Amino acid sequence: MWKIALGFIVFAGLALFILSKGGDIDMGGEKHGAEAVHSEPAKPAAEPAPAAAPAAQAPASAASQ
């Protein structure tokens, strides 16, 4: 049982250390209103290439009839 508690303490300490080194991390949850940071909407990818013309069907051979 003590191993589980020790593992939790070590993991929590490591997580806090990594979060403290990460810079401006907001753990406040979901934001609404003026304090919300909105990112620019994703731009669509380049125009899709036009569909290739359908391949011409090969004439049926006499053997296949």
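Throughout, residues of each chain are indexed from 1 in the direction in which the sequence is written. Per-residue local features of the predicted model are confined to residues with pLDDT of at least 70, and side-chain atom pairs are confined, for both listing and counting, to 80 or more; whole-chain, interface and lining totals are unaffected and use all residues. The side-chain values count all of the structure's non-hydrogen atoms but skip hydrogen atoms and water molecules.

Some thoughts on the overall build of the chain
Moving on, step 1. When you go through the chain residue by residue, the secondary structure sums to one helix and zero strands.
Moving on, step 2. Each of the 65 residues in the chain was classed as buried or not, and the buried ones make up 2%.
Moving on, step 3. Residue-level accessible areas treat just the shown protein chains as cover; the underlying method is Shrake-Rupley with a 1.4 Å probe. For the chain, the accessible surface area stands at approximately 6700 Å², while carbon and sulfur atoms represent 66% of it. For the purposes of this entry, the term helix denotes a DSSP run of H or I that reaches at least four residues, the term strand denotes a run of E that reaches at least two, and both are numbered from the N terminus. Relative accessibility thresholds used throughout: buried, under 20% of the residue-type maximum; exposed, over 50%; partly exposed, between the two (1.4 Å probe, protein chains only).

Topic: a nonpolar patch on the surface
Moving on, step 1. On the surface, a nonpolar cluster with roughly 350 Å² of combined accessible area is contributed by Trp2, Leu6 and Val10.
Moving on, step 2. Counting through the fold element by element, Leu6 comes out in helix 1 (residues 2-21). Patch rule: a residue counts if its relative accessible area is over 30% and it has no salt bridge; like charges are joined within 9 Å, and nonpolar side chains (Val, Leu, Ile, Met, Phe, Trp, Tyr) within 5 Å. By convention in these notes, a salt bridge is any Lys or Arg side-chain nitrogen within 4 Å of a carboxyl oxygen on Asp or Glu.

A few points about helix 1
Moving on, step 1. In this model, helix 1 (20 residues) spans 29 Å end to end at C-alpha, consistent with the 28 Å of a helix rising 1.5 Å per residue.
Moving on, step 2. Among the 20 residues of helix 1, zero are classified as buried, and the element is accordingly described as predominantly exposed.
Moving on, step 3. Looking one or two residues beyond helix 1, the residue adopting positive phi is Gly23, at roughly 95 degrees. Here, expected helix span is obtained from the residue count minus one, scaled by 1.5 Å.

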